[in-house]
Amino acid sequence: MTVIAVAGKGGTGKTLVSALLVNFISEHTTSVLAVDADPDSNLPEALGVEDQLNKTLGEIRELFQVSRDEMGTMNKEQWLEGKIYAEAICECPRYDLLVMGRPEGEGCYCFANSLLRGVLRRLMRHYDYIIIDTEAGLEHFSRKTIDSADYIIIVTDMSRKGLATAKRIKELAKELKLNFKKIFLIANRITSEDAEKTIRKFAEEEGLELLAVLPYDSSVAEVDLRGGPVSEIDKNSEVYRKMKEVANLMLNLSVKAR
């Protein structure tokens, strides 16, 4: 079992990278769980399965108020896990999908994040690959929502904030003693050779392995603008080709680790 978490500043292309990883890895095995851990929930649209969703984890939070009569002989944890399997996991043709979503009513996402962490640990044994499109920013690292990940892929663009977030993620992982096997970097929407040189220098200085430099591609931007799935991206585009190479690398790392 291999857990890959895709992180970074909002707007850098985390969901694009996550969806393409799900798309490519699920071509090799159907034992894949895609997790949308962002309350904004864009992964289903990027995968083209938003119409197949049932409940999200955020919507299931009220299940903790269930009565003893409703649970029967099960304890609350067993009853809740059954509900999640029955109502929150979308069984798509090549993979399963679990969406965190927004919690119902008032309050923060703390409950839903805690629930997600527990559910993921129980679900792990059923899948060969879990790919998590994380919430933008840093908070999920301090909450240890993804402390079970094997590999972190940080997605950045050329913005100062994107690079600062990438650096802080690496620092937080060390401060919190999160034992990821590897933290990788993907640079997205790079528009010039100078920008690529800057990214490569940044990766080298920060000790981050640069998996891919994805160029700005107007055809990819057009698919994203109209809400199309990643399966509609031009198969001859450099973005598509390079992400396929990244997926193959992750597959090979997983095989070697077994």
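Our subject is the structure listed above.
Draft legend 1. Representation of the overall build of the chain in the model. Helix and strand counts for the chain come out as eleven helices and eight strands. When the 258 residues of the chain are sorted by exposure, 54% land in the buried category. Restricting the contact set of the chain to residue pairs at least 6 apart, pairs at least 24 apart contribute 79%. If you sum the accessible surface of the chain, you get close to 12,400 Å²; carbon and sulfur atoms cover 46% of it.

Draft legend 2. Inspection of the layout of surface pockets at higher detail. Here the largest pocket defines a volume of roughly 580 Å³. Along the wall of the largest pocket there are 29 residues; nearest its centre are G13, T15, L16, R189 and D224. Contributions of two or more residues to the lining of the largest pocket are made by α1 (14-25), α2 (43-47), β7 (182-190) and α10 (218-225). Looking at the lining of the largest pocket element by element, the count peaks at four residues for α10. Per-class residue counts for the lining of the largest pocket are twelve nonpolar, nine polar and eight charged.

Draft legend 3. Structural view of the pattern of salt bridges. Overall, the coordinates contain 13 salt bridges when judged by the stated rule. Measuring nitrogen to oxygen at the nearest pair gives 3.2 Å for the salt bridge that ties K14 to D133. You can see K14 sitting in helix α1 and its partner D133 sitting in strand β5 (residues 129-133), a full 119 residues away along the chain. Neither residue differs from the other here; K14 and D133 are each classed as buried. With a closest N to O distance of 3.0 Å, E196 and R200 form a salt bridge. You can see E196 and its partner R200 sitting in helix α9 (residues 193-206), four residues apart, about one turn around the helix. For R200, a relative accessible area of 44% corresponds to the partly exposed category.

Draft legend 4. Seen up close, the nonpolar core. L98, I130, I132, F141 and I152 are the most contacted members of the largest nonpolar core, which has 43 residues in total. The element contributing the most residues to this core is helix α8 (residues 160-175), with five residues. With 42 residues, the next largest nonpolar core counts Y151, F184, L214 and M243 among its residues.

Draft legend 5. Inspection of the packing of aromatic side chains at higher detail. Across all of its chains, the model carries two aromatic pairs by this definition. Arranged with centres 6.1 Å apart and planes meeting at 35 degrees, the rings of Y151 and F184 form a pair that is tilted. Remark: F184 occurs in strand β7 and Y151 occurs in strand β6 (residues 151-156); sequence separation between them is 33 residues.

Draft legend 6. Focus on the packing of α8 against α9. Packing of α8 against α9 brings their axes to within 11 Å, and their N-to-C directions diverge by 20 degrees. One way to sum up the angle between α8 and α9 is to call them roughly parallel. As α8 packs across α9, the resulting crossing turns out to be right-handed. Where α8 approaches α9, its residues L163, A166, K167 and K170 are matched on the opposing element by I199, F202 and E206. Of the residues belonging to the contact of α8 with α9, the class tally is four nonpolar, no polar and three charged.

Rules behind the numbers
Residues numbered from 1 in each chain as written. Predicted model: local features only at pLDDT ≥ 70, side-chain atom pairs only at ≥ 80, totals over all residues. Heavy atoms only, no water. Helix = DSSP H or I, 4+ residues; strand = E, 2+ residues; numbered from the N terminus. Buried < 20%, exposed > 50% of the residue type's maximum accessible area, 1.4 Å probe, protein only. Contact = heavy atoms within 4.5 Å. Areas by Shrake-Rupley, 256 points an atom, 1.4 Å probe, with all protein chains shown as cover. 1 Å grid on protein atoms, 1.4 Å probe; cavity = no way out; pocket = protein on both sides within 12 Å on 5 of 7 lines; lining within 4 Å. Points joined across faces, edges and corners; volume = space filled by probe spheres on them. Nonpolar A, V, L, I, M, F, W, Y, C, P; charged D, E, K, R; others polar. Salt bridge = Lys/Arg side-chain N within 4 Å of Asp/Glu carboxyl O. Core = buried A, V, L, I, M, F, W, Y, C linked by side-chain atoms within 4.5 Å. Phe/Tyr/Trp six-rings, centres within 6.5 Å; stacked < 30°, edge-to-face > 60°. Axes fitted to C-alpha atoms, helices over the stretch in contact; angles between N-to-C directions. Parallel < 35°, antiparallel > 145°, perpendicular 65-115°, else oblique. Left-handed = near helix turned anticlockwise from the far one by under 90°.

These values are about where atoms sit, not about what they do.
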